[in-house]
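Inside the fold
The lines below spell out each chain.
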Amino acid sequence: MAQGGKPHFNQPLGGNDMPRFGGATTMMRLPAQATADGLDACFVGIPMDIGTSNRTGTRHGPRAIRAESCMLRPYNMATGAGPFAKMQVADIGDVPINTFDLKKTVDIITDAYNAILSHDCVPLTLGGDHTLTYPVLRAIAAKHGPVALIHIDAHADTNEHMFGEAIAHGTPFRRAVEDGLLINDKVFQIGLRGTGYTPDDFDWGRQQGFTVVPAEECWHKSLTPLMNDIRAQIGSAPVYLTYDIDSLDPAFAPGTGTVEMGGLTTIQALEIVRGCKGLNVVGCDLVEVSPQYDTSGATALIGSNLLYEMLCILPKTWA
Ligand code: MN
Ligand code: MN
């Protein structure tokens, strides 16, 4: 507590106190700390790409997102959110994954998130490939029970196996269903598209009760009505938000490993995340940024902005 008994929260380092291209490379130039102790929300990186199936490079995603986040200012001019006036937020660094062992890595991630969640802190994850959402969901469900899921992606990520392996970036939501981590009829997959192995590749989720919104149903329109409908269907259930950057059209976000044309716009991405305001969001991630294919840095920049927008819709920002 600061003088006058008013709560004093961490603030992003301002652009008039240190040039934006200087200082420590934390998310939004927030203070760093080692654990989630005392935090309402934290940014945490998972520097992994050992679950990818095509282009690699997402191990460098968290660092690139942090670097591009240097432009972010504390107030959201469109929504009026001021998350740093309401919540204690810090960057708690990266999960020390085992880059030689994917199976050990998923257990390392679950252990790390169990520790974060013991502090009553909402984790916002900088990925990393999409494999990571499965071990994060194990920890989330251990605390909150099964959760609703808003999953924005070009891909369903519900494969039974990839190259015979159960754990990979194309399988996390199949594993999550098998483990009972999700409220299946409150799972929404948005932006799916591209080529498949069979015509019914997206139907496995539907058979479990998921709502699948292919990219073609999103073309040429605002997604605000969709989000109004999703909020009504989810109600007060705890919700996890997982955002695969490849949901965006490669014109906006080329810096990723499994690119598909005909994707969402950045405006639609904002409508989706802002449309989560009012939901009981208990965790978020932004995955699949691969900086080596991101020649302008725009993909990591968009990723950093979407993570900030996620912070802006957390319940405590509006409490
Ligand atoms: Mn994905
Ligand atoms: Mn994807």
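Please refer to the structure placed before this passage.
Everything in this summary refers to the structure shown in the same document.

About the thresholds
- Residues numbered from 1 in each chain as written.
- Chains lettered and ligands numbered in written order.
- Predicted model: local features only at pLDDT ≥ 70, side-chain atom pairs only at ≥ 80, totals over all residues.
- Heavy atoms only, no water.
- Core = buried A, V, L, I, M, F, W, Y, C linked by side-chain atoms within 4.5 Å.
- Buried < 20%, exposed > 50% of the residue type's maximum accessible area, 1.4 Å probe, protein only.
- Helix = DSSP H or I, 4+ residues; strand = E, 2+ residues; numbered from the N terminus.
- Contact = heavy atoms within 4.5 Å.
- Donors = N, O, S within 2.8 Å, 3.2 Å for Na, K, Ca; no water.
- Pairing = 2+ DSSP bridges.
- Axes fitted to C-alpha atoms, helices over the stretch in contact; angles between N-to-C directions.

1. Digging into the nonpolar core
I150, Y243 and L314 are the most contacted members of the largest nonpolar core, which totals 53 residues. When residues of this core are assigned to their parent elements, the largest contribution, eight residues, is made by helix 9 (residues 298-312). Those residues in contact with Y243 that sit more than four places away from it in its chain are I152, L248, L264, A269, V273, D285, L286, V287, L306 and M310. If you look at the next biggest cluster of nonpolar residues, it comprises 41 residues, including A36, V44, A90 and A139.

2. Details of the coordination of the manganese ion (ligand 2)
Ideal values for angles at a metal depend on the geometry: 109.5 degrees with four tetrahedral donors, 90 or 180 degrees with six octahedral donors. In the first shell of the manganese ion (ligand 2), the protein supplies D153 (OD), H155 (ND1), D244 (OD), D246 (OD) and D246 (OD), at 2.0 to 2.5 Å from the metal. On the primary sequence, the residues serving as donors to the manganese ion (ligand 2) are separated as D-x1-H-x88-D-x1-D.

3. Remarks on the sheet that holds strand 2 (residues 89-94)
Reading across from one edge, 2-1-3-8-7-4-5-6 is the order of the eight strands in this open sheet, with parallel pairing throughout. In this open sheet, the two edge strands, each paired with only one partner strand, are strand 2 and strand 6 (211-214). Neighbour-to-neighbour, the strand axes of the sheet open up by a mean angle of 15 degrees, direction not taken into account. Here strand 5 (residues 182-192) pairs with strand 6 via four bridges, running parallel. Opposite F188, over in strand 6, you have T211 as the bridge partner. This element, helix 7 (residues 224-234), spans strand 4 (147-152), strand 5, strand 6 and strand 7 (238-244) of the sheet and lies at about 170 degrees to strand 5.

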